[in-house]
Structure formats: C-alpha cells, structure tokens
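# Coordinate inspection notes
Listed below are the residues making up each chain.
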Amino acid sequence: MPDQPPTPGVDLAALLADRELGLRALHAAEGAPGHAAVHAVHASEMADPSPYLLGGELLLTAGAQLGPDADGYVARLVAAGAAALGFGVAPVYEEVPPELVAACARHGLPLLEVPPGTPFTAVARTVWRLMAEARTRELRRVTEAQQALAAAAARPDPVPAVLRRLAASLGGRVVLLRGGPGGGADSGEAGREVPPGAAAALEALLARVAARGGPATATDSAAGWQLSAYALGGAPGPGGAGPSSPGPGSPGPSSGAAPGPGGPATAAVPRPGSAPTPLPAPVLGVAVPERTPGDHAITAIAAVLLGLLTTHRPAGTEAAALTRLLLDGDPAEALPPGPWRVVHARGAGDPRALAGALGTVLLDPRGPQLRLLTDRDPAPQPGWRLGVSAPARPGALPAADTQARRALERAEAARTPLVRHSEAGLPGLVDPAQARAHAEALLAPLGPARAATLRGWLAHHGSWDRSAAALGVHRNTVRQRIARCAALLGRDLDDPDVRMELWFALRTLDSGDNSPVT
C-alpha cells in the first residue's frame, strides 16, 4: 500500500457526523466508523479507477461502470490504498448493491452511502474544510510543543525535563541512550509503558543506530507501535565518535560496536589495562501507538535540543579559554563581524542548558557569574538573571563585557530576569538604585509641585518667559518658586554644576514616566 500524504487526515466519523451531508456507514473497517482516515477525495465512474489513486482517498462513484465483478473492483481499490468508498444512490442504482456491500465487508474497505440530495462536490468540500482545520490544529500542537520543549531545556534538569515533555507531547515513550547499550550519565526514559515486543524492537533499533557506521535514523513497527531512532550527533566525550569518526559505510575500529550476525549491535568490552573503547553518539528512541504528521517535527525539535545538551562540544574548559580570549584580548581576527552580544548570568540552573537556550557554546563558567558570547538576541530564561550588552563588533567586546556586567547588576537590583544595556552616557554608568536614592534625598525638601517647576525651568535653560508659558503660570510665579527652591535646597541655582546635578536627579526620579519634559 502506498504511503499516505504527510498531512492530517479526516476521520470518517467526522464526515458521518455532518448532518448536511447525510452520509450513512454501510460497512466500517474493524467495526469502527471513524477508523479510516481520508487524505483526499476522488470521484470516478471508471470500471477500474485504481491506477489513478495515490492512497488515502475517499473514492466517490455512482456505479455507472461497476459491472458484475464487485469483488474484483473492491480488491483493486484496497490494493491501491483507498481509504473508503462512497456510493451515490441514484440515478444508476436505487440502493447500494448488496454484492458491493458484501465485497467491502470481505476486504475490510469502509463503505458509505451518499444520499441522492448530496452532491459529490459537497462531500469533497467538507473533506477539504476538515483537513484545513486539522492542519491548523496540528500546527498549533507543534508550536506549543516547541515552546514547551524550549522551556524544559532551560530547567535545572534539562535532559530529563525534555524527555518528559517529549513523551507527553507524543503520547508515547522516549528513551535516550548514551554511552552504548550500557547507558551513561545522560541516559534516561520517560512516558507510558510499551508492550514487551515493542520494547525489545526499540532496543534493537537503538543499538542499530548507535553502532559505528549505523544509519542516522531508522524506523520500525512492533506490537502495533511505531518506532523511531535518531542519532544525536558527535561523541559524548573525548575519544568518542565525533566529526572525525567514521561515517555510514566506513569501517569502524575493531574494538568498537559492531552488529552481530542477524541481530542488534553488541558492544565490545575492553580488557583490563587497555585503552577505553570509544563510545558511540547519543541516540534518541521514540515509540508511539499511532504516528501523526506533527510527531516528526516535534521529535526533530527535541533531538536538536538533546543534541545540544548531551553531545560533546567546546562548552567546558576549551570554551572558557576561548571566551576569555575573545572578551579580554583582540578577537577581531577570530570572529565573524557579528554583531555579538555579551551575556552575564547568575542562577541555579545548568550552565550548558543556558548556553544551549541562548544558541551558543561560548561559555565561561568561572568567576562570580557566567559569561557567554552569542550572536542572537537573548530572551529571559527561567531560573536565571541576565545582563545583556548592546550589539557589538568583535573589536568592541571588552567594552560589551563591561556593559553586560553592569546590566546584570541592574537586573539583580531591580529583581528582574533580564536587563539590556541601552542607555549611553552618565546614567548608564551609575547604579540605578544608588542614583534613585541620591535623587530622592536631594529633592526631598521640594515636594512634587516645586520639583515640577524646577524641572520645567531647567528644561528651558532658566528662561523665565518660556518656563512660565510651559507651566501655564505668570513669570513672577516662576521666579518666586525657583527662589524658594534655592532656599530649601541651600544651593546656588546659577551654578552650572548644581543645575547638572539637579537635572540628573529629576530625570532619575522621572525615569518611569514617559511623558515629555515640560
């Protein structure tokens, strides 16, 4: 039977439930009206339409060329992969021929009766509408699963969290195998139990993909379950199968994993005192009772995340040294032009998971906070406080490192998950909490009304007339208020240094106010 199109199908039950169509099930496969899924609609009065079917169609006919061999007609439709047969009553037949009903029952082909008042076009339009709705639901499901998997990857226990989320999204079981059949630190499983036959077949499939020279992906089915296995990439540690390891079809080391004759791969056990056997790449196994079109996309997203979290990459000592070189030295020759962002972070999560969520392997975990370098615009991450520099070229990374450090200090002071460096000049160089405390103490004697007058007067460079016009008062009122401000503050308002300090204090207190300066 040909493969069905990779789009969500329409259950026959949905068509039967449409009262306007008035369809009636004369035979349902395996006794379930909605068992078959329709992926297309084709109307034909040919004696043998099977050469024109791709599989998954609801074939509509009035039986004009049915002929006496109903059994052969149905057998050819089943062989071509038809999902169901819809028979239109009138004008050729007043009822569905009993021999056709019997033939569909023998071959397990669902049979629907289409009443005289229902055009075949109406059936086709209903199928297209239901398929579009199913496609929308599937896209929404994939999007929600992607967001949930990304959030799981940022948790303190990212690998188990991603496995649990993937199993929940697929409604099946997932297995992560690292370090060969014996497992490893990042091995794990999650989800519902599977029948013993399916579990054994999945184990064999994982061993096949994990073996050196094995395929990157493999699929199988057992005990009514659909099975898949995916190699997640490079080796999990030094000496493992990395980019330089043999690829598919290349002979691997004699001490590595090799497939046994007619069975799953087996791992060689090193002799005492010998060099450790290189470990195969991590492998993800998935078992689902029924595969839906969105499952592959969801699994692919999880495979990418698990690959970032488990495979060996320069996220330890090598990346720390490289990041320090880039941030503290002259990285202009070592990096693309960018722009790049420096991120300083504090939190209780896994640094590697944070790096993966930010799309980078350039991570320095030493010091009072993490330092990362990324070419993406970071978003807040659960369990972390982040300070993000302004976009910078490679030659400006040392300054960006300082910006990120100060942004993290501001994030911690404000108890917010992420602060970006955006403001240049003096305000960006002063701690926000300290600046606000100073401004409140300095302007405390004035009160709101006098502070507003002082702000308007300073904004107009001490002009009495323009300040009065902006404030809507007489110029003498402005003079009196400013004189009173000077007395309360004990400052000479003709001194430019005093004016600068007062202006900075007023703007600090007004930082949360987006109204224009008057």
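In case you missed it, the structure is sitting above this.
Structural notes, computed from the coordinates. Everything numeric here is computed off the predicted structure, so don't read it as measured data.

Now for helix α3 (residues 98–107). Residues L100, A103 and C104 constitute the buried set of α3. Buried residues of α3 fall within an arc of 100° about the axis and therefore sit on the same side. Set apart from the buried face of α3 by more than 90 degrees, the exposed residues are P98 and R106. Where α3 is buried, its residues contact β2 (24–27), α2 (70–80), β6 (84–88) and β7 (111–114). G108, located one to two residues past α3, shows a positive phi value of around 75°.

Here we take up the sheet that holds strand β16 (residues 362–364). Each strand in a sheet pairs with another by means of backbone hydrogen bonds, the pair being arranged parallel or else antiparallel. An order of β16-β17-β15-β18-β19 is seen for the five strands of this open sheet, with the pairing classed as mixed. Both outer strands of the open sheet, β16 and β19 (418–420), are each paired with one neighbouring strand and no more. Across the sheet, the mean angle separating the axes of adjacent strands is 20° when strand polarity is ignored. For β16 and strand β17 (residues 370–374), the ladder comprises three bridges, and the chain directions are antiparallel.

Quick look at the nonpolar core now. Among soluble globular proteins, nonpolar side chains are generally buried collectively. Ranked by size, the top nonpolar core spans 27 residues in total, and within it V162, L163, L166 and L284 carry the most contacts. Counting residues per element, the ones that place at least two in this core are α4 (120–153), α5 (158–170), β8 (173–177), β14 (283–288) and α7 (293–310). In terms of residue count, the dominant contributor to this core is α5 (seven residues). Residues L12, V41, A83 and V123 belong to the second largest nonpolar core, which totals 19 residues.

In spatial order, the strands read β9-β8-β14-β11-β10; together these five strands make up an open sheet with antiparallel pairing. In this open sheet, the two strands that pair with only one neighbour each are β9 (188–191) and β10 (217–222). With direction set aside, neighbouring strand axes in the sheet form an average angle of 15°. Bridge analysis of β8 against β9 gives four bridges, and the strand direction is antiparallel. Residue V175 lies in a different strand from β9, and its bridge partner there is E189. With respect to the sheet, α5 is in contact with β8, β9 and β14, its orientation differing from that of β9 by roughly 30°.

Basis of the calculations
- Residues numbered from 1 in each chain as written.
- Predicted model: local features only at pLDDT ≥ 70, side-chain atom pairs only at ≥ 80, totals over all residues.
- Heavy atoms only, no water.
- Buried < 20%, exposed > 50% of the residue type's maximum accessible area, 1.4 Å probe, protein only.
- Helix = DSSP H or I, 4+ residues; strand = E, 2+ residues; numbered from the N terminus.
- Arc of directions from axis to C-beta.
- Contact = heavy atoms within 4.5 Å.
- Pairing = 2+ DSSP bridges.
- Axes fitted to C-alpha atoms, helices over the stretch in contact; angles between N-to-C directions.
- Core = buried A, V, L, I, M, F, W, Y, C linked by side-chain atoms within 4.5 Å.

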